[in-house]
Amino acid sequence: MSSNYRNFRNNVLWLILFLEAVFIVLFYFLFSDDDASRSSIFYPAFQDVNHMVIFGFGFFLTFLKRYGFSSTGFNLLIVVLGVQCSMLIEGLLVFLLQRENEDGLKRITKAVVSMTAVVISTGAVLGKTNPVQLILMTVVEIIVFHMSRWINNTFLQVPDNISMMHVCLFGAYFGLAVSSCFSEPSPRSEKNASTPTSDLLSMLGTLFLWVFWPSFNSVLAVNDKSKAIYNTYLALAVSAATAFVLSVLTTKDGKFTMTHIHSAVLAGGVTVGYAAHSIEYPWIAMILGLLASVITILGSYCVQRCLNPALKIHDSSGVHFTFGLPGVLGALAQVILLVIKNWNNLTRLGYLVTLHVGAFCVTISVALITGFVTG
């Protein structure tokens, strides 16, 4: 065991040093003339998203008692490496496609937002992967996610800020595809066990995510940032209240189950992410928050009892019904809202619906195929 551990430690060392050397060289050629004084994003907004990814997801994944330090420590490691990789991929696309160069703060904000896909995928394979595998998964997923965004932007004409909101959907299904290649731990194994302390820290991460999710949905919005914040907060509030109600209704003793609440309170924010800036009436966001919480809690029963055993998928933190199903609901909601808004223009309506449905199908398909190959 000691010999294997030394080899493993050396692999991590050289992999990190190699990646950092590559990053520094490429940054020298791509970003030597960067001008950060023209930033269109305020630093507090970036800080909210950064706190969300580092603190929120770091503690969100501490529910397994044997992997508390792994979830927080490895989360920081893959985030700092993934942000650099994401900035490089974005810079390469700007250089190759001759796009307008973005300011430094917006570039790093988009990189942090894109890392949400990776940390969500990490939740599906937590406890089954080592740091080398997580680092390699991070690099591959960031590259593939930017490829998916490029396809949606170029061929399906999806706005850049909307394609970035596909991170939850992409991360959930990429993680599930990777997880399908790993064996499931024994139900009695300590790898599946949690403690009151680990559950409390995980709930603390959920609260961090809940508080900062309005900033996440609005930070890249071109217009109506205040409307995105407003709609996201209402959707989150309704999904949280509905989670408590459904938790009581779905338990035999009529008590709150923190597992349900842990999964469902964020569902509203995930669902309205695609259309938060364009929802005209607050009651629409509230209905979406309610439906998101319902599909999360009821979907957890179907996924855990029917789908996962049939497909032999072990979803460590339930990313499918926490982020995947609400993401699908948000995709359908965006299409329905688009139909209602353009009902009088039937000629253009079919074209718009086809583009939006195609974008979500491309995101899920790319995530599943490349996730399976990566696994």
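Residues numbered from 1 in each chain as written. Predicted model: local features only at pLDDT ≥ 70, side-chain atom pairs only at ≥ 80, totals over all residues. Heavy atoms only, no water.

Definition in use: UniProt positions are given in the numbering used here, feature names are shortened, and annotations may be inferred rather than shown by experiment.
The protein is annotated in an unreviewed UniProt entry as RHL protein from Fregetta grallaria. Of the protein, the UniProt comment under Subcellular location (unreviewed entry) reads exactly: "Membrane". Turning to the protein, the UniProt record has this under Sequence similarities (unreviewed entry): "Belongs to the ammonium transporter (TC 2.A.49) family. Rh subfamily."

**Structural notes on the packing of aromatic side chains**
Using the following cut-off: Two rings belonging to Phe, Tyr or Trp (six-membered ring only in the last case) form a pair when the distance between their centres is within 6.5 Å. Interplanar angles under 30 degrees mark stacking, angles over 60 mark edge-to-face geometry, and anything in between is tilted. Numbering of helices and strands starts at the N terminus; helices are DSSP runs of H or I of at least 4 residues and strands are runs of E of at least 2. Accessibility here uses a 1.4 Å probe with only protein chains present; expressed as a share of the type maximum, an area under 20% marks a residue as buried, one over 50% as exposed, and anything in between as partly exposed.
Enumeration over the complete set of coordinates arrives at 15 aromatic pairs. Note on Trp213 and Phe216: the rings are 5.2 Å apart at their centroids and 55 degrees apart in plane angle, and the pair reads as tilted. Pair noted here: Trp213 and Phe216 are both in helix α8 (residues 196-218), with a separation of three residues, about one helical turn. In this structure Trp213 comes out as buried when scored by relative accessible area, which is 1%. Owing to a relative accessible area of 1%, Phe216 belongs among the buried residues under this scheme. Three or more aromatic residues joined by ring pairs form one cluster here, namely Phe57, Phe60, Trp213, Phe216 and Phe323.

**Topic: the environment of Val178**
What counts is decided by this rule: In what follows, a contact means two residues having at least one pair of non-hydrogen atoms within 4.5 Å.
Along the chain, Val178 falls in helix α7 (residues 167-179). Spatially, the C-alpha atoms of Val178 and Lys227 are 36 Å apart, while their sequence positions differ by 49 residues. Apart from residues no more than four positions distant in its own chain, Val178 is found in contact with Val125, Met137, Gly371, Thr374 and Gly375.

**Some thoughts on the packing of helix α4 (residues 104-125) against helix α5 (residues 131-154)**
Our working rule: Note on method: axes are straight lines fitted to C-alpha atoms, helices fitted across the in-contact stretch only, with angles between N-to-C directions ranging 0 to 180 degrees. Roughly parallel here means an angle under 35 degrees, roughly antiparallel means over 145, roughly perpendicular means 65 to 115, and every remaining angle is called oblique. Take the far helix as the reference: if the near one is turned anticlockwise from it by less than a right angle, the crossing is left-handed, and if turned clockwise, right-handed. Each residue is assigned to one class: nonpolar for Ala, Val, Leu, Ile, Met, Phe, Trp, Tyr, Cys and Pro, charged for Asp, Glu, Lys and Arg, and polar for all the others, Gly among them.
Interaxial distance between α4 and α5 falls to 10 Å at its minimum, and their mutual angle equals 125 degrees. With respect to α5, the element α4 is oriented oblique. Between α4 and α5 lies a crossing of right-handed hand. Here Lys110, Ser114, Met115, Ala117, Val118, Ser121, Thr122 and Val125 of α4 come into contact with α5, specifically with Leu134, Met137, Thr138, Glu141, Ile142, Phe145, His146 and Arg149. Its residues placed into classes, the contact of α4 with α5 shows eight nonpolar, five polar and three charged.

**Overview of the pattern of salt bridges**
To keep it simple, the criterion reads: We define a salt bridge as a side-chain nitrogen of Lys or Arg found within 4 Å of a carboxyl oxygen belonging to Asp or Glu.
Applying the stated criterion across every chain, the model contains five salt bridges. Note that Lys110 and Asp160 form a salt bridge whose closest N and O atoms lie 2.8 Å from each other. Taken together, the residues Lys110 in helix α4 and Asp160 in helix α6 (residues 160-164) connect sequence positions 50 residues apart. With a relative accessible area of 3%, Lys110 lands in the buried category. Glu280 is the salt-bridge partner of Lys227, the closest N and O atoms lying 3.6 Å from each other.

**Some words on the nonpolar core**
Here is the rule: Here the nonpolar core consists of buried residues drawn from Ala, Val, Leu, Ile, Met, Phe, Trp, Tyr and Cys, with membership extended through side-chain atoms lying within 4.5 Å.
In this structure, Phe57, Val113, Phe170, Trp213, Phe216 and Phe323 are the most contacted members of the largest nonpolar core, which totals 85 residues. A per-element tally of this core places α4 first, with eleven residues. Among residues more than four places away in sequence, those in contact with Phe57 are Met52, Asn75, Thr116, Val119, Ile120, Leu209, Trp213 and Phe323. Among the nonpolar cores identified, the runner-up in size contains ten residues, and Ala276, Ile279, Ile284 and Ala333 belong to it.

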